[in-house]
Structure formats: C-alpha cells, structure tokens
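Residues per chain, in single letters:
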Amino acid sequence: MLELFITFFKLGLFTIGGGVAMIPILQNIAVNEKKWFTAEEALDVISVCQSLPGVIAINMATYVGFKRKGLLGSLVSTVGVVLPSFVVIILVAKGLSAFGDNPYVMGALGGLRAAAMGLVMIAVYSIAKGVIKDWFSGISSLAGILLIEFTNMSVVLIVLLFLVTGILRSLWNTRREGVLK
Amino acid sequence: MIFAKLFWAFFKIGAVGFGGGMAIVGMIYDTIRGFVSMTPSQYADIVAIAQVTPGPVAVNTATYVGYQTAGMPGSLVATLGVATPAFILVAIVASMIDRYKQSRIVQGALEGIRPATVGMIFTAALTICRPAVEAEHPLGGSISAISGILPGHIDGIAILMCAATVLLIKKFHVNAIYVLLIMGCIGAVVGV
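For clarity, every value in this text was computed on a predicted model and none was experimentally measured.

1. Points about the UniProt feature "transmembrane region" (unreviewed entry) in chain B
Working step 1: Using the residue numbers shown here, the UniProt feature "transmembrane region" (unreviewed entry) corresponds to residues 7-29, 76-94, 115-133, 145-168 and 175-191 of chain B.
Working step 2: Between the end C-alpha atoms of residues 76-94 of chain B the distance is 26 Å, and the span holds 100% helix and 0% strand.

2. As for the packing of aromatic side chains
All names here are of chain A.
Working step 1: In total, this model carries five aromatic pairs over all chains according to the counting rule given.
Working step 2: When the centroid spacing of 6.1 Å and the interplanar angle of 85° are considered together, the rings of W135 and F136 count as edge-to-face.
Working step 3: The class of W135 is exposed, set by a relative accessible area of 67%.
Working step 4: The exposure class assigned to F136 is partly exposed, which follows from its relative accessible area of 30%.
Working step 5: The residue whose ring lies beneath R169 is F136, and the NZ or CZ to ring-centre distance is 3.8 Å.

3. Notes on the nonpolar core
Working step 1: By size, the foremost hydrophobic cluster in this structure holds 109 residues, and its most contacted members are I23 of chain A together with F10 of chain B.
Working step 2: For this core, the element with the highest residue contribution is helix α4 (residues 57-99) of chain B, accounting for 17 residues.
Working step 3: Summarising the domain contributions, this core has at least three residues from each of domain 1 (2-133) and domain 2 (138-192) of chain B.
Working step 4: Ignoring anything within four residues of it in the chain, the contact list for F10 of chain B reads I28, I32, A62, V65, A78, G81 and V82 of chain B.

4. Considerations on the pattern of salt bridges
Residue and element names in this part refer to chain A.
Working step 1: Applying the stated rule across the entire model yields five salt bridges over all chains.
Working step 2: Salt-bridge contacts for E3 lead to K34; the nearest nitrogen and oxygen are separated by 3.1 Å. Of this pair, E3 sits in helix α1 (residues 2-14) while K34 is found in the loop between α2 (22-33) and α3 (39-51), placing the two residues 31 residues apart along the sequence.
Working step 3: Given the relative accessible area of 41%, E3 is considered partly exposed.
Working step 4: Residue classification places K34 among the partly exposed residues on the basis of a relative accessible area of 28%.

5. Some details on the side chain of T61 of chain B
Residues and elements named next belong to chain B.
Working step 1: Counting through the fold element by element, T61 comes out in helix α4.
Working step 2: A polar side-chain atom of T61 sits 2.7 Å from the main-chain carbonyl oxygen of V57.
Working step 3: In this structure, T61 is in contact with V25, I28, Y43, I46 and A50, ignoring residues within four places of it in sequence.

6. Here we look at helix α8 (residues 176-190) of chain B
Working step 1: Relative to the 21 Å expected for 15 residues at 1.5 Å per residue, α8 of chain B spans 21 Å between its end C-alpha atoms, a close match to the ideal helical length.
Working step 2: Check the buried side of α8 of chain B and you find it contacts α1, α2 and α5 (103-131) of chain A together with α7 (156-171) of chain B.
Working step 3: Between the side-chain oxygen of the N-cap and the backbone nitrogen of I177 of chain B there are 2.9 Å, and the N-cap of α8 of chain B in question is N175 of chain B.

7. Comments concerning the interface of chain A and chain B
Working step 1: Of the residues lining the interface, 85 residues belong to chain A; the matching set on chain B comes to 81 residues.
Working step 2: Between chain A and chain B the total buried area reaches about 7,700 Å² when both faces are included, carbon and sulfur atoms providing 81% of it.
Working step 3: Among the residues chain A hides against chain B, the three largest losses belong to F86, I89 and M117 of chain A. Together they make up 8% of the total.
Working step 4: Between R114 of chain B and D44 of chain A there is a salt bridge; the shortest N-O distance is 3.0 Å.
Working step 5: Where chain A packs against chain B, one counts five residue pairs in polar contact (both at pLDDT 80 or more).

8. Overview of the environment of V79 of chain A
Working step 1: If you trace the backbone, V79 of chain A turns up in helix α4 (residues 56-93).
Working step 2: Its relative accessible area of 44% is what places V79 of chain A among the partly exposed residues.

Reading guide: rules and limits
Residues numbered from 1 in each chain as written. Chains lettered and ligands numbered in written order. Predicted model: local features only at pLDDT ≥ 70, side-chain atom pairs only at ≥ 80, totals over all residues. Heavy atoms only, no water. UniProt positions renumbered as here; feature names shortened; annotations may be inferred. Helix = DSSP H or I, 4+ residues; strand = E, 2+ residues; numbered from the N terminus. Phe/Tyr/Trp six-rings, centres within 6.5 Å; stacked < 30°, edge-to-face > 60°. Buried < 20%, exposed > 50% of the residue type's maximum accessible area, 1.4 Å probe, protein only. Lys NZ or Arg CZ within 6 Å of the ring centre and 35° of its normal. Core = buried A, V, L, I, M, F, W, Y, C linked by side-chain atoms within 4.5 Å. Domains from an automatic or database assignment. Contact = heavy atoms within 4.5 Å. Salt bridge = Lys/Arg side-chain N within 4 Å of Asp/Glu carboxyl O. Polar contact = N/O pair within 3.5 Å; in protein donor to acceptor, adjacent residues only side chain to side chain. Expected span 1.5 Å × (residues − 1). Buried area = accessible area lost by both parts, 1.4 Å probe.

Structure representation (structure tokens):
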C-alpha cells in the first residue's frame, strides 16, 4: 500500500504540462519495473481512462490503485497523485509566487515543459504502436484523429461511436465463428 | 454554505469534464464567476500557473480557485470536488471490467475504444507541445533567433531538449524521472 502511495506521489510530482505526460512514466513503472501489468493490459487501462470523463491522471491513479489493492488502494493512489500538486499550488497561492519572476525557476520550468513534450511524443508513439496491428485498427485510428481534430463532434459522441462499433464487431465476429463451426 | 456550493460546483465539472484539461478549464471559469470576482486576465494567470505546476491543469485550477474563495478548507473542498466523480466512476468501471472480463461485449468495447485513444492522446499531445514550442519566455530564445534558423518566437532549444528527452528515454533507457530532473537543471542554466 505504501508502495502504491509513493509511486503515485512521484507520478503526481513529476507530471507537468498534462496528464498525458504521465503515460510513459506509468507504463515504464507498471509494466517494466514492477510488473503490475502486461503491455496489453496497460493499454486497456489507458484507453479506458482516456475514454471516461475526468482528468486522465486521476483516472489512471484510481484504476491502477483499484486493480492492485481494491477500493482502499484506489483511494491511496488517488490521494497520492493529487497531493504534490495540492501542496505546490497552496504554496504558490500563499504568495510564493515571488518565484514567478525568478529566472532560474522560469528556465527550469521551460526545461521541464520541453521534457514533457518529449514524454508526450513517446506516449503517442507507444500507444499507436500498441493499438495499430492491422489495417483496420490503422484506419480507425486515423479516423479517430480526423474526427477529433477536424470536426466539432463532441468527444463523448466519438468515444461512444467507437465503443459501439467495437461491440458490434465483436458480436459479428463471434457469430461468424459460430456459423463456420 | 460556501463549502457545499464549492464542492458541488467542482463536482459537476469533474463529472462532465471531457477532452483533456483545457476544455475543463473553460468550464471552470464559467462556474467560478459565481464565487470569486476575477477578471479573465487574472484567471489566465492562474491557468498559466496551473499548467506549469505539477499535476493536471484542472485539479490545480480547482485548488487555486478554492483557496481564493475560502482559504485552505476551500481549496481542499474544491479539489475533492473535482476528483471525486472520476474516482467513483473509474472505481465502478474497473470493478465491472474485472468481473465481466470474459464477456464478448466488454472485450469488444475495449477493442473498440483503443483506436479512439490514439486520436485523443494525439490531440492532448498537441495541446502540450504548442505552448512549449511557442513559448513566451523561450529558453535561449535569443540564440535560436540569432542563428536565423527558426523564427524568433519558436523555441529552438525546447525542440532540442525534447529530442534529447526522447533519445535518452527510448535509446539509452534512462529513467524518465532522472531525465526530467536533468532537463529542469539544463533549463535553469540555459534560461538565464
């Protein structure tokens, strides 16, 4: 349990710029280091968390915590991931925003943002690699990108569309197998 | 009572907030106008801070606004508010997926949303990359401008550091957290 807390505390502390930057770090810890999940399972965790409302960072913390140690685990991991940012923001709000003009701090933040950019690119690459295994997944991924970036369609609708398509496809495939047998 | 209002307002945001932090931030502004008197420019400052501090933008903004409204307890309440709906929903979904893992419907649904994830993460990635590249205070901005290779407002050093990050992590398998620390230090040195 403590391990869970510390892991997500670190993740919460080092995720800057966006929850997506957390993905490669979490993948590395959960799949490679601690062997909590297989790469495939991790992909599903990420997909589900991204598809549900709410902040992806919190979703992932809750999900992983739940799978590891049940309801209490999800509480521990969520508190862990939120705590560092909570503390920092309070410090900033209390007036340590004198920091804001310090050139070293601004520089360091710029460096962290650049690094986060790299992390985020790694995330996109690893997800794309994990998802795209045949022409169908390739085309649907492309379709997803186009729909999200270039239409005004609500993301909720897009996710539902993909969800339903997936279910229909799975049922259709099982039917086909049944007929072939 | 202000705490109940604060909690409920952020609970609603946390429950509906979709499409990444920045979409939520817009919703937060509409909501908080009822609590705090804040000009759009002040809000923009808060959001800027929320983006460069650890943690998701939405949560940070909630914490900050809660603090401005009702001090420490307010920040606690607002943060809890924005985190709770996700917590409940994810816990439910996680337990359901576990129990019905074998169901064709669940497997189909999981397989279905995977391609959608590519799109969503790609979009989220763009929102992170854009401000880092078109930085207001670019790292070594004068260097890249002087060299004449890139237009002055594009942060050449940031791009280099981004590339370095990817190399270090993927090729040399350096732990991501160490890379972040390194880049932070480099940034502090270069930025001055």
